[in-house]
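Reading the structure
Each chain is listed here by its residues.
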Amino acid sequence: MPIHKKGQKEDLRNCRLVRLTSVSGKVMDQIILSAITQHLEDRQGIRACQHRFRRGRSCLTNLIFFYDQVTHLVDDAKAVDIVYLDFSKTFDTVSHSILLEKLVAHGLDRGTLCCVKSWLAGRPRECW
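Conventions we followed
- Residues numbered from 1 in each chain as written.
- Predicted model: local features only at pLDDT ≥ 70, side-chain atom pairs only at ≥ 80, totals over all residues.
- Heavy atoms only, no water.
- Core = buried A, V, L, I, M, F, W, Y, C linked by side-chain atoms within 4.5 Å.
- Buried < 20%, exposed > 50% of the residue type's maximum accessible area, 1.4 Å probe, protein only.
- Helix = DSSP H or I, 4+ residues; strand = E, 2+ residues; numbered from the N terminus.
- Contact = heavy atoms within 4.5 Å.
- Expected span 1.5 Å × (residues − 1).
- Polar contact = N/O pair within 3.5 Å; in protein donor to acceptor, adjacent residues only side chain to side chain.
- Patch = residues over 30% accessible without salt bridge, like charges linked within 9 Å, V, L, I, M, F, W, Y side chains within 5 Å.
- Areas by Shrake-Rupley, 256 points an atom, 1.4 Å probe, with all protein chains shown as cover.
- Salt bridge = Lys/Arg side-chain N within 4 Å of Asp/Glu carboxyl O.

Looking at an unreviewed UniProt entry, one finds the protein named RNA-directed DNA polymerase from mobile element jockey-like protein and attributed to Willisornis vidua.

Topic: the nonpolar core
Counting nine residues, the largest nonpolar core consists of Ile 32, Ile 36, Leu 99, Leu 100, Leu 103, Leu 108, Leu 113, Val 116 and Leu 120. Mapped by element, the contributors of at least two residues to this core are helix H1 (23-42), helix H3 (96-105) and helix H4 (110-120). Ignoring sequence-local partners within four residues, the contact set of Ile 36 consists of Leu 108, Thr 112 and Val 116.

Here's the deal with helix H2 (residues 59-75)
One turn of an α-helix holds 3.6 residues; hence residues three or four places apart share an orientation. A rise of 1.5 Å per residue sets the reference length of H2, with its 17 residues, at 24 Å; its end C-alpha atoms lie 24 Å apart and thus fit the reference within 8%. One side-chain oxygen of the residue at the start of H2 lies 3.2 Å from the amide nitrogen of Leu 60, identifying that residue as Ser 58. Once H2 ends, the next one or two residues include Ala 77, with phi positive near 60°.

Quick look at unusual backbone geometry
Non-glycine residue Ala 77 carries a positive phi angle of around 60°. Position of Ala 77 relative to the elements: it lies in the loop between H2 and H3. Judged by relative accessible area, which is 73%, Ala 77 ranks as exposed.

Let's talk about a nonpolar patch on the surface
A surface patch of nonpolar side chains, about 660 Å² in accessible area, is lined by Leu 60, Leu 63, Ile 64, Phe 66, Ile 82 and Tyr 84. Classification of Ile 64 by relative accessible area gives exposed; the value is 51%.

Below, the structure written as C-alpha cells:
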C-alpha cells in the first residue's frame with residue numbers, strides 16, 4: 001500500500017511503499033539487527049558518540065549531547081561551525097548488492113550474511 005510522502009499524490013515517486021510483515025518476519029528482522037549491531041560494537045564500527053539505531057539512544061539524546069558540547073565551546077569563547085546533512089532518502093535508493101559487499105568488507109559472519117541476503121531477496125529497495 002503506497003503512503004504519500006510529499007508532492008503530487010498522483011506521482012508514484014512521491015509515495016513510500018508499506019508492506020505488512022508477519023510476526024516471524026519481524027522476529028527475523030530483530031535477530032539480524034542484533035547480530036549486526038553486536039558485530040559492529042565488538043569491532044568498534046559504531047563509535048560511542050553514535051546515537052541513532054542504538055538502544056537507549058535516540059535523536060533526542062543526540063540533540064542533548066550536541067547542545068551540551070556547543071554550549072561548552074561557546075562558554076570557552078571558541079568558534080563553532082555547524083553543518084546539517086539530510087540522509088532521509090539514503091536507504092530508499094541503496095543497492096542491495098553494494099550493501100552486502102559492505103557487510104562482507106566489515107567482516108560480518110557467513111551465517112548473518114546469508115540471513116540478510118535471504119531477507120533482501122525479492123524485496124524492493126523502496127520498502128526500507
